Amino acid sequence: DFDFFVHNIITTWDNVHWMPIYERIDEKWWPYMSFVSNMENLSHDTELFLKSIHSTVNGESAWERSGKTGWSENVRDCDVVGKDAFLAVKDKD
């Protein structure tokens, strides 16, 4: 039940799934971070973020390279192009 969840699961801070993200990132990297997002807008924010990153080789954005097509359904093969945008909402049948 919910009471058990609150008192026994989310208070278990040794589980990385419940740690705030800032605790998982080494302090030395914080000066390089300038993009803030949240889970409510994650798909939209991911698109904005990937569009802001460009290759120094050919100028292609990370969105063009892999964001707008995402990965294939085969989660073990990230080189295969998918059909949907990265983090796109997928309806269950």
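You'll find the structure just up there.
Okay, so let's go over this structure. (Residues numbered from 1 in each chain as written. Predicted model: local features only at pLDDT ≥ 70, side-chain atom pairs only at ≥ 80, totals over all residues. Heavy atoms only, no water.)

The next thing to look at is the packing of aromatic side chains. By the definition in use, this model includes two aromatic pairs. Between the aromatic rings of Trp29 and Tyr32, the centroid separation amounts to 6.1 Å while the plane-to-plane angle is 55°, which identifies the pairing as tilted. Measuring from ring centre to ring centre gives 5.0 Å for Phe35 and Phe49, while their planes differ by 50°; the resulting arrangement is tilted. Taken together, the residues Phe35 in the loop between helix 1 (2-9) and helix 2 (42-52) and Phe49 in helix 2 connect sequence positions 14 residues apart. The exposure class assigned to Phe35 is partly exposed, which follows from its relative accessible area of 37%. (Phe/Tyr/Trp six-rings, centres within 6.5 Å; stacked < 30°, edge-to-face > 60°. Helix = DSSP H or I, 4+ residues; strand = E, 2+ residues; numbered from the N terminus. Buried < 20%, exposed > 50% of the residue type's maximum accessible area, 1.4 Å probe, protein only.)

Attention now goes to helix 2. Among the residues of helix 2, Asp45, Thr46 and Leu50 are the ones counted as buried. All buried residues of helix 2 project into a common sector of 130° when viewed along the axis, lining one side. Buried residues along helix 2 sit in contact with helix 3 (62-67). (Arc of directions from axis to C-beta. Contact = heavy atoms within 4.5 Å.)

A separate point is the environment of Lys51. Turning to its location among the elements, Lys51 is positioned in helix 2. Take Lys51: its relative accessible area is 40%, and that puts it in the partly exposed class. For Lys51 and Arg65, which are 14 residues apart along the polypeptide, the C-alpha to C-alpha distance reads 9.7 Å. Beyond its immediate stretch of four places on either side in the chain, Lys51 contacts Ser61 and Trp63. A polar atom in the side chain of Lys51 sits 2.8 Å from the side chain of Glu47. (Polar contact = N/O pair within 3.5 Å; in protein donor to acceptor, adjacent residues only side chain to side chain.)

All right, on to the side chain of Ser61 then. Relative to the assigned elements, Ser61 resides in the loop between helix 2 and helix 3. Relative accessible area serves as the criterion here: at 8%, Ser61 is assigned to the buried category. With near-sequence residues (within four places) excluded, Ser61 lies in contact with Leu50, Lys51, Ile53 and His54.

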